[in-house]
Each structure stands twice: as C-alpha cells, then as structure tokens.
Amino acid sequence: MSRLRTFAEALVHLLPPRLRPMLRWRFIKFGLVGGSGTVINIAVLYLAQEYLLRGIADFHTRLNYSIALAITVATISNFYWNRRLTWRDRTRHTPQPALRLFVKYVMAAALSIVIQSLLTKWLAGYLHYIVANLMAIVLASVVNFVANDKLTFRRHPPKAPH
C-alpha cells in the first residue's frame, strides 16, 4: 500500500464512524470530479454573467439564466467523469445506456441543484455571487454524492448462476 493511501486511511480513522464511509477513495474521486465541475461552473457563470448574457439588463434575471447555464454545463461534465472514474466499477458490471444513467443522474442531482440555486441566490444578497456560488456548491455536493451513490450508480446484487 502506498504511503499516501496509508496516510489517508489514518486520517479517515480519526473521523467519527458515521463520516468514514463518505471519505473513502470513491468520495475523493467524486470530490476531484466535483472540483473540475466547480471550475467549469464558475467559469461558465462568470462568462455568462459578464459577457454572454450581458444584454439582459436586470442583474437578478441575468443571474438566474447564468446560474442555470453554469449548472447545466457542469452537470454534464460531472456525469461524464463520475461515470468514467468515480463509479466505473459499478457501470462496467451492470451496463446501462448512457442516456438512461444520465436521466437517473439528473434526477438524483435535482435536489442538490435546487439547493445550490436557492443558496446561491440567497447568499448573493449578502456576498459576491461567485463566493455565494462556491459556498452553495460545497453544501450541495454532499447531497449529490449520497443521491448518486444510492440511486444512480447503486450496487446491484450479483446475478445467480443458472
């Protein structure tokens, strides 16, 4: 076992038992994918708010469209990478069409998308919209992981031999 893995597992054992399952390697991969999705989300949010949708004069209307576009692009990217990296072992043994998995992914992520959108809008009243969005992403990501682990990419019992 590598030193990094040994160190990471030692850190996991310092956490309360209820939090340990979330911080295993799958959640780390999910976090890395989410990190790339966050970069995409912030970049699209900024580009839409400052350039692409600049023709919409009202800040809050423009922000609604910018948030929707940013979340959509980041969700598509995150689905692709989570399917290829985070839950690769589960998608190999129970192949489902990508479109079907994507629909499940979007349904499982819907709650976290709503949480992120509402928190971003609410916090943008007190903070810069980018900071508000970052905070909302962090809070919604835990909901997103659990929903996708239990629903979209859930374990399927092995098929009994005939």
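Structure: see above.
Report on the accompanying structure.

Each value, and the rule that gives it
- Going along each chain's sequence as written, the residues are numbered from 1 onward.
- The model is predicted, so local features are restricted to residues of pLDDT at least 70 and side-chain atom pairs to those at 80 or more, both for listing and for counting; the totals for chains, interfaces and linings are taken over all residues.
- Excluding hydrogens and water, the side-chain figures rest on all heavy atoms present in the structure.
- The salt bridge criterion pairs a side-chain nitrogen of Lys or Arg with a carboxyl oxygen of Asp or Glu, the two atoms within 4 Å.
- We count a stretch as a helix when DSSP gives it H or I for four or more residues in a row; a strand needs E for two or more, and each element gets its number in order from the N terminus.
- Here, axes are lines fitted to C-alpha atoms. For helices the fit covers the stretch in contact, and angles between N-to-C directions go from 0 to 180 degrees.
- Angular relationships are summarised with four words: roughly parallel below 35 degrees, roughly antiparallel beyond 145, roughly perpendicular across 65 to 115, and oblique for the angles in between.
- Helix crossings fall into two classes, left-handed where the near helix is turned counterclockwise from the far one by less than a right angle and right-handed where it is turned clockwise.
- As a working rule, the residues Ala, Val, Leu, Ile, Met, Phe, Trp, Tyr, Cys and Pro are called nonpolar, Asp, Glu, Lys and Arg charged, and the rest polar, with Gly in that last group.

1. A short note on the pattern of salt bridges
Next up, step 1: The final tally for this structure, using the stated rule, is 2 salt bridges.
Next up, step 2: Residue Arg-26 is joined to Asp-89 by a salt bridge in which the shortest nitrogen-to-oxygen separation is 3.0 Å. Here Arg-26 is found in helix α2 (residues 25–52), whereas its partner Asp-89 is found in helix α4 (residues 88–93), with 63 residues between them in sequence.
Next up, step 3: Two residues, Asp-149 and Arg-90, come together in a salt bridge whose shortest N-O distance is 2.9 Å. Of this pair, Asp-149 sits in helix α6 (residues 129–152) while Arg-90 sits in helix α4, and the two are 59 residues apart along the sequence.

2. Notes on the packing of α2 against helix α3 (residues 59–86)
Next up, step 1: Look at α2 against α3: their axes get within 8 Å of each other, and the N-to-C directions meet at 150 degrees. It follows that α2 is roughly antiparallel to α3 by the angle criterion. Taken as a pair, α2 and α3 cross one another with a handedness that is right-handed.
Next up, step 2: Split into classes, the residues belonging to the contact of α2 with α3 amount to 17 nonpolar, 10 polar and 3 charged.

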